[in-house]
Amino acid sequence: MLATTAAMGAGNHAGGHHESPIGKPGVVSKVTRTIQVDMRSGMRFKPSDIRVKQGETIRFVLKNTDSVKHEFSLGTPEELLEHYEVMKKFPDMEHDEPNKISLAPGKQGEVIWQFTKAGAVDFACLHVGHFDAGMKGQVKVAAK
């Protein structure tokens, strides 16, 4: 588990102050929009296709309406696959990263994120089997 924590820590801070390709943690006072995302039965997010503008800070309000635990994790395809492999080894791991949240059935939470670069940012539930079942989506970030 220590190697996992160190790897994640290094991933978040690698290269000094370079910004992540997916953006950066948002500041509550700079939220420009709130987007409701439902984690549903059938291993789906609704909506799964989200559009934002470069520079926007979004408050994702996530609600788990399913009967099993789900996760919302923003990342590049590579980051998500890497984290999914870790989740397979440590399925009960807890998250403390600003781009992730795990929610028990019936619970609600939020992720505040600033999208600093144009392009696509993926999100997924990385609990074992959920990603493979298609529980994923994408934020399309339009250039300024």
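Check the entry above for the structure.
By the element assignment, Val-68 lies in the loop between β5 (57–64) and β6 (70–75). A relative accessible area of 34% means that Val-68 is categorised as partly exposed. For the pair formed by Val-68 and Ser-41, sequence separation is 27 residues and the distance between their alpha carbons is 8.3 Å. Residues in contact with Val-68, not counting those within four places in the same chain, are Met-43, Pro-105 and His-130.

Within the open sheet, the five strands sit side by side as β4-β10-β9-β6-β7. Their pairing is mixed. The sheet is open, and its two borders are formed by β4 (49–53) and β7 (100–103), each paired with just one other strand. Between one strand and the next, the sheet's axes are offset by a mean angle of 20°, whatever the strand orientation. Inspection of the sheet shows strand β9 (residues 119–124) paired to strand β10 (residues 136–142) by six bridges, in the antiparallel sense. Each residue of the ladder has a partner; that of Phe-123, found in β10, is Gly-137.

For the rest of this paragraph, the subject is the pairing of strand β8 (residues 108–114). Counting buried positions along β8 gives five out of seven residues, so the element sits mostly inside the fold. Across two bridges, the pairing between strand β1 (residues 24–25) and β8 is antiparallel. Paired with Lys-24 across the bridge in β8 is Gln-114. When β5 meets β8, the two strands line up antiparallel, connected through seven bridges. The residue bridging Leu-62 from the neighbouring strand is Gly-109, located in β8.

Another point: the packing of aromatic side chains. Counted according to the given criterion, the structure contains six aromatic pairs. Where Phe-45 meets Phe-72, the ring centres are 6.1 Å apart and the plane angle is 80°; that geometry is what we call edge-to-face. On the criterion of sequence distance, the pair formed by Phe-45 in strand β3 (residues 44–46) and Phe-72 in strand β6 is long-range, its members being 27 residues apart. The exposure class of Phe-45 is buried, given its relative accessible area of 5%. With 6.1 Å between their ring centres and 80° between their planes, Phe-60 and Phe-115 make a pair best called edge-to-face. Taken together, the positions of Phe-60 in strand β5 and Phe-115 in the loop between β8 and β9 put the pair 55 residues apart, joining distant regions of the chain. In this structure, Phe-60 and Phe-115 share a single accessibility class: buried. Three or more aromatic residues link up through ring pairs in this structure, and these residues are Phe-45, Phe-60, Phe-72, Phe-115 and Phe-123.

Cut-offs applied
As a convention, each chain's residues are numbered from 1 in the sequence order in which they are written. Selection of residues for local features in this predicted model requires a pLDDT of at least 70, selection of side-chain atom pairs for listing and counting requires 80 or more, and totals for whole chains, interfaces and linings are taken over all residues. In computing side-chain properties, one takes all heavy atoms of the structure into account and sets aside hydrogens as well as water. Secondary structure elements are defined from DSSP: runs of H or I of at least 4 residues count as helices, runs of E of at least 2 residues count as strands, and each element is numbered from the N terminus. Burial here depends on accessible area, computed with a 1.4 Å probe over protein chains only, as a share of the maximum for the residue type. Under 20% is buried, over 50% is exposed, and the range in between is partly exposed. Any two residues whose heavy atoms approach within 4.5 Å are treated as being in contact. In this analysis, strands are considered paired if DSSP registers two or more bridges between them. Axes here mean lines fitted to C-alpha atoms, for a helix over just the part in contact, with angles spanning 0 to 180 degrees between N-to-C directions. Any two of the Phe, Tyr and Trp rings considered here, Trp counted by its six-membered ring, make a pair once their centres fall within 6.5 Å; the pair's planes then place it as stacked at under 30 degrees, edge-to-face at over 60, or tilted in between.

As far as function goes, none of this settles anything; it's purely spatial.
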